[in-house]
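Residues per chain are reported as follows:
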Amino acid sequence: MKDNSGKVLLALLAGASAGVIAGLLMAPDTGEATRGSVRKWAGKLSKDLEKNLQAGLDEIKNMSSNMGKTGSDNNGGDTSGRSGGAGTTGTSGAGSTGGTTTGGNA
């Protein structure tokens, strides 16, 4: 069987669009009143969309700032521990202790 879901969806959208256009053309209000109500509806939709978009952007900013704080705390502690270990091993000796340093970092 072929997947015709795209064609079905397109036909559904075309039918819905035709219905909306027919409804607007046969509306009991005058064209001016209908355009005014459509303009009002579009303005409200625009404001709602802007509000939701701004809330989503704020949430993303909060998430990224929280991840940055958490990541820097973990990395800072981990890095200082490694550098302390390398410094201690370096002062002990470079012979057999060098192999231990490599094992300790891995």
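Residues numbered from 1 in each chain as written. Predicted model: local features only at pLDDT ≥ 70, side-chain atom pairs only at ≥ 80, totals over all residues. Heavy atoms only, no water.

## With respect to the overall build of the chain
Point 1. When its secondary structure is counted, the chain shows three helices and zero strands.
Point 2. Written out in order from the N terminus, the α and β elements of the chain read α-α-α.
Point 3. Per-residue burial over the chain gives 3% buried out of 106 residues. (Helix = DSSP H or I, 4+ residues; strand = E, 2+ residues; numbered from the N terminus. Buried < 20%, exposed > 50% of the residue type's maximum accessible area, 1.4 Å probe, protein only.)

## So, the side chain of threonine 34
Point 1. In this fold, threonine 34 is placed in helix 2 (residues 31-92).
Point 2. Those residues in contact with threonine 34 that sit more than four places away from it in its chain are Leu24, Ala27 and Asp29. (Contact = heavy atoms within 4.5 Å.)

## So, the pattern of salt bridges
Point 1. Across all of its chains, the model carries one salt bridge by this definition.
Point 2. Here lysine 44 ties to aspartate 48 by a salt bridge, and the two come within 3.3 Å at their closest N and O atoms. Here lysine 44 and its partner aspartate 48 are both found in helix 2, four residues apart, which amounts to about one turn of the helix. (Salt bridge = Lys/Arg side-chain N within 4 Å of Asp/Glu carboxyl O.)

## Some remarks on a nonpolar patch on the surface
Point 1. Taken together, the side chains of Val20, Leu24, Val38, Trp41 and Leu45 make up a nonpolar region of the molecular surface, amounting to roughly 500 Å² of accessible area.
Point 2. Of all elements in the fold, only helix 1 (5-25) and helix 2 reach the threshold of two or more residues within the nonpolar patch.
Point 3. Among the elements that take part in the nonpolar patch, helix 2 stands out by supplying three residues, more than any other.
Point 4. With respect to the helices and strands, tryptophan 41 occurs in helix 2.
Point 5. Tryptophan 41 sits in the exposed class, given a relative accessible area of 57%. (Patch = residues over 30% accessible without salt bridge, like charges linked within 9 Å, V, L, I, M, F, W, Y side chains within 5 Å. Areas by Shrake-Rupley, 256 points an atom, 1.4 Å probe, with all protein chains shown as cover.)

## Focus: the confidence of the model for the chain
For any part of a model where pLDDT is low, the fine detail of the predicted coordinates should not be relied upon.
Point 1. Looking at the chain as a whole, the pLDDT averages 73, with 64% of positions reaching at least 70.
Point 2. When mean pLDDT is compared element by element in the chain, helix 1 scores highest at 88, while helix 3 (residues 97-105) scores lowest at 46.
Point 3. Per-residue pLDDT stays below 50 along residues 73-106; that stretch engages in four contacts with residues further than four places along the chain or on separate chains. (pLDDT = per-residue confidence, 0-100.)

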